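What follows is each chain in one-letter form.
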Amino acid sequence: MISSVSSYIEELDDTFMQTKSDDDIWLIKFYAPWCTFCKQLDPVWRRIGSELRSIGSPVIVGKSDASVNTALAKEFRVRGYPAILILKKNIKYNYLGPRNAEGILEFADRLSGPLVRPLTSRQLFEHARSRHNVMFVYIGSTSPLKGNFWSAAEDLIVSTYFFSSTREALPPDVYVPHLPAVVVLKDGTLLTYDEDEDGDLKRWINRERFPNYQKIDSYVLYAMGDTGKLVLLSVQEDASPSEESLRSRHLVQKLSEDYREDYRREVYFGFMEGRSYIDGLVMGEVEVPSIIMLNLSTDSYFLPESAVETERHLLDFVDQVLQGSIQSLGGNGVSQRLKRLVYDARVMMAPIFSWSPWLGWTIVGAVLVFVVLLFVFCYKLFLPSGELGQRDETPRPGPHSRRLQDKKSD
């Protein structure tokens, strides 16, 4: 059943999949009444519903209480709240970006349109380029490369836009000598896909789908983990950055521009406002401002061995990381996972101890008692029989007695 909770947001229940139309495009939020983040998203969701309705978008905005409509939540494999997704032609597309109206509206626009958007004139091409920081474009007629491009678009449309064009529609500054071709326009440059150098087309698109330098938040950083590239970050204060923070950011940006061709296959560059995410990664407190290189595929990081005051210092640091001459820290080994478990528990308990030390120690005591009882249970469960309690004094038959027993049984 679908019921309206406002003029532009529908409330969905467990019968949704049976009552919806196959041609509908749905933007759905799964929430729980007790979820603080869900409540914070409510005004954003109302704005999204209003804007999509006002522009005549084909996207229908809905929401569902996952604690009540458990069958529907199970159908969409909802694991956490709020969960945001688009349902189009019975295919689910999860949204993993920032929980703000701009990011979600762009996601809805990307998924509601054609898989690959045609740019049939220079005017359309220039208009698209003015709106998108990163553009992947197939240029040419039918070919195996075109099929591979459409296939990649099916998997990566949740992350970036895809376009197609012809030579006649290209602006004068977009020069492609050989067709068919796949190009990406970003950072004021044009890169052409080369199968011999770049390998699989889908992996190349996934690697190149971010600007070379940008402001990075936790959502962007998480998504960058799939690219296989390292990320060089300038970490600064949340607001009103100091002159030292601005200088650090400028060094990273200048390096990204001056050495774009040298590092574009291996490194992304950016700055992050606030250190909480990085503190969690390093399981400590980083100085602000600071320079850090992240390897998101292994949850490891690198820190400069000395102060970074000039572009030369920063260049040396990047080269040392790429050459393997600086030891990586962190990682996802067993010892690091145990250390992270302790760190996460400490971070979680800190506000509780601050609010009520008695409650904090009560929780810690309860956890310790549980661990001890679990250890005793496992000890008893796996201890060989006869070793628990009084020792069994019955003599065990040796090899000679076994032969006698066998003979007697005969």
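See the structure printed just above.
Throughout this document, residue positions are counted from 1 along each chain, in the order its sequence is written. Two thresholds apply to this predicted model, a pLDDT of at least 70 for residue-level local features and 80 or more for giving and counting side-chain atom pairs, whereas whole-chain, interface and lining totals are computed over all residues. The side-chain numbers reported here are obtained from all heavy atoms of the structure, hydrogens and water having been left aside.

When you look at the overall build of the chain in this model, what are you seeing that I'm missing?
Each helix corresponds to a stretch of at least 4 residues labelled H or I by DSSP, and each strand to a stretch of at least 2 residues labelled E; elements are numbered beginning at the N terminus. Helix and strand content of the chain: 16 helices and 17 strands. Taking all 410 residues of the chain together, the buried fraction comes to 40%. For the chain, contacts bridging at least 24 residues in sequence account for 68% of all contacts bridging at least 6. Each accessible area is a Shrake-Rupley estimate made with a 1.4 Å probe; only the visible protein chains count as cover when residues are assessed. For the chain, the accessible surface area stands at approximately 24100 Å², while carbon and sulfur atoms represent 54% of it. For each residue, the accessible area found with a 1.4 Å probe, counting protein chains only, is set against the maximum for its type, and the residue is called buried under 20%, exposed over 50%, and partly exposed in between. Contact between two residues is taken to exist if any of their heavy atoms lie within 4.5 Å; hydrogens are not considered.

Just to check I follow, could you spell out a negative patch on the surface for this structure?
Among the surface-exposed residues, D194, E195, D196 and D200 lie close enough to one another that they form a single negatively charged patch. Relative to the elements of secondary structure, D196 occurs in helix α7 (residues 195–198). Each patch is built from salt-bridge-free residues with over 30% relative accessible area, joining like charges within 9 Å and nonpolar side chains (Val, Leu, Ile, Met, Phe, Trp, Tyr) within 5 Å. Whenever Lys or Arg places a side-chain nitrogen within 4 Å of a carboxyl oxygen from Asp or Glu, that contact is recorded as a salt bridge. For the purpose of charge, His is not counted, nor are the chain termini; Lys and Arg are scored as positive and Asp and Glu as negative. Charge positions are represented by NZ for Lys, CZ for Arg, CG for Asp and CD for Glu.

Before we go on, may I ask you to explain the pairing of strand β6 (residues 91–94) in this structure?
DSSP bridges decide pairing: two strands pair if at least two such bridges lie between them. Examined bridge by bridge, strand β5 (residues 83–88) and β6 share four bridges and lie antiparallel to one another. By the bridge assignment, K88 is partnered in β6 with I91.

I tried to follow the pattern of salt bridges on my own but got confused; where do I start?
Opposite charge on two side chains makes pairing possible when the charged atoms of those side chains draw close. All chains considered together, the criterion is met by 22 salt bridges. Linking E51 and R47 is a salt bridge whose minimum nitrogen-to-oxygen distance equals 2.8 Å. Linking E51 with R47, this pair stays in helix α2 (residues 36–54), spanning four residues, or about one helical turn. Since its relative accessible area comes to 30%, E51 is described here as partly exposed. With its nearest N and O atoms 2.9 Å apart, the salt bridge here joins E208 to K186. Separated by 22 residues along the polypeptide, E208 in the loop between α8 (201–207) and β12 (213–215) and K186 in strand β10 (residues 181–186) bring together distant segments of the chain. For the pair shown, E208 and K186 are each scored as buried. Salt bridges sharing partners connect three or more residues here, namely K186, E208, K229, E261 and R264.

Can you walk me through the sheet that holds strand β8 (residues 134–139) in this structure?
Within a beta sheet, neighbouring strands are joined by backbone hydrogen bonds and run either parallel or antiparallel to one another. In space, the five strands of this open sheet follow the order β7-β9-β8-β10-β11, with mixed pairing throughout. On the outer flanks of this sheet lie β7 (117–119) and β11 (189–192), each paired with one strand and no other. Strand-to-strand twist in this sheet, taken as the mean axis angle between neighbours without regard to direction, amounts to 30°. Pairing of β8 with β10 involves six bridges; the strand directions are antiparallel. Helix axes are fitted to C-alpha atoms over the stretch in contact, other axes to C-alpha atoms as well, and angles between N-to-C directions run from 0 to 180 degrees.

Please clarify how the side chain of Q236 should be interpreted in this entry.
Note on placement: Q236 falls in strand β13 (residues 230–236). Of the residues examined, Q236 reaches a relative accessible area of 0% and is grouped as buried. A 3.5 Å cut-off defines polar contacts: any pair of N or O atoms within that distance qualifies, except that in protein one atom must be a possible hydrogen donor and the other a possible acceptor, and neighbouring residues in sequence count only when both atoms are side-chain atoms. There is a polar contact of 3.2 Å between the side chain of Q236 and the side chain of R249. Ignoring anything within four residues of it in the chain, the contact list for Q236 reads P241, S245, R249, F271, M272, E273, G274, R275 and V288.

Whenever I open this one, the sheet that holds strand β17 (residues 329–330) confuses me. Can you help?
The sheet built from six strands is open, its strands ordered β12-β14-β13-β15-β16-β17 with mixed pairing. Every interior strand has two partners, whereas the edge strands, β12 and β17, have only one. In this sheet, strand β15 (residues 290–295) lies alongside β13 in antiparallel orientation, the contact comprising five bridges. Across the sheet, the residue bridging to V231 is L294, located in β15. Where helix α10 (residues 243–258) meets the sheet, its contacts fall on β12, β13, β14 (267–273) and β15, and the angle it forms with β13 comes to roughly 160°.

Please clarify how the packing of aromatic side chains should be interpreted in this entry.
A ring pair, where both rings are aromatic, is described by two values, the distance of the centres and the angle of the planes. Aromatic pairing here means that ring centres of Phe, Tyr or Trp (its six-membered ring) are within 6.5 Å. Orientation follows from the plane angle: under 30 degrees is stacked, over 60 is edge-to-face, and everything else is tilted. Counted according to the given criterion, the structure contains 16 aromatic pairs. Ring geometry for Y138 against W150: centres 6.2 Å apart, planes inclined by 80°, an arrangement best described as edge-to-face. Here Y138, found in strand β8, pairs with W150, found in helix α6 (residues 144–156); they are twelve residues apart in sequence, far enough to count as distant. Residues Y161 and F163 carry aromatic rings whose centres are separated by 6.2 Å and whose planes lie at 20° to one another, so their mutual orientation is stacked. Side by side, Y161 and F163 carry an identical accessibility label, which is buried. Taken together, F136, Y138, F149, W150, F162, Y193 and W204 form an aromatic cluster joined through their ring pairs. Taking the ring centre of Y31 as reference, the NZ or CZ of K63 above it sits at 5.5 Å. Lysine and arginine charges are scored as sitting over a ring when NZ or CZ, respectively, is within 6 Å of the ring centre and within 35 degrees of the ring normal. Here R110 stacks its cationic end above the ring of Y161, 5.5 Å away from the centre of that ring.

Please clarify how the nonpolar core should be interpreted in this entry.
Within soluble globular proteins, side chains that are nonpolar tend to cluster in buried spots. Ranked by size, the top nonpolar core spans 37 residues in total, and within it L27, W45, I48, F149, F162 and I205 carry the most contacts. Looking at this core element by element, the count peaks at six residues for helix α4 (residues 101–112). In plain words, nonpolar cores are sets of buried Ala, Val, Leu, Ile, Met, Phe, Trp, Tyr and Cys residues tied together by side-chain atoms within 4.5 Å. Counting residues in hydrophobic clusters, the runner-up holds 20 residues, among them L232, L251, L255 and Y263.

Even after reading the chapter, I still don't get a nonpolar patch on the surface, so can you show me in this structure?
Together, I363, V367, F370, V371, L374, F377 and L381 make up a nonpolar patch on the protein surface, roughly 670 Å² of accessible area in all. Residue classification places L381 among the exposed residues on the basis of a relative accessible area of 53%.

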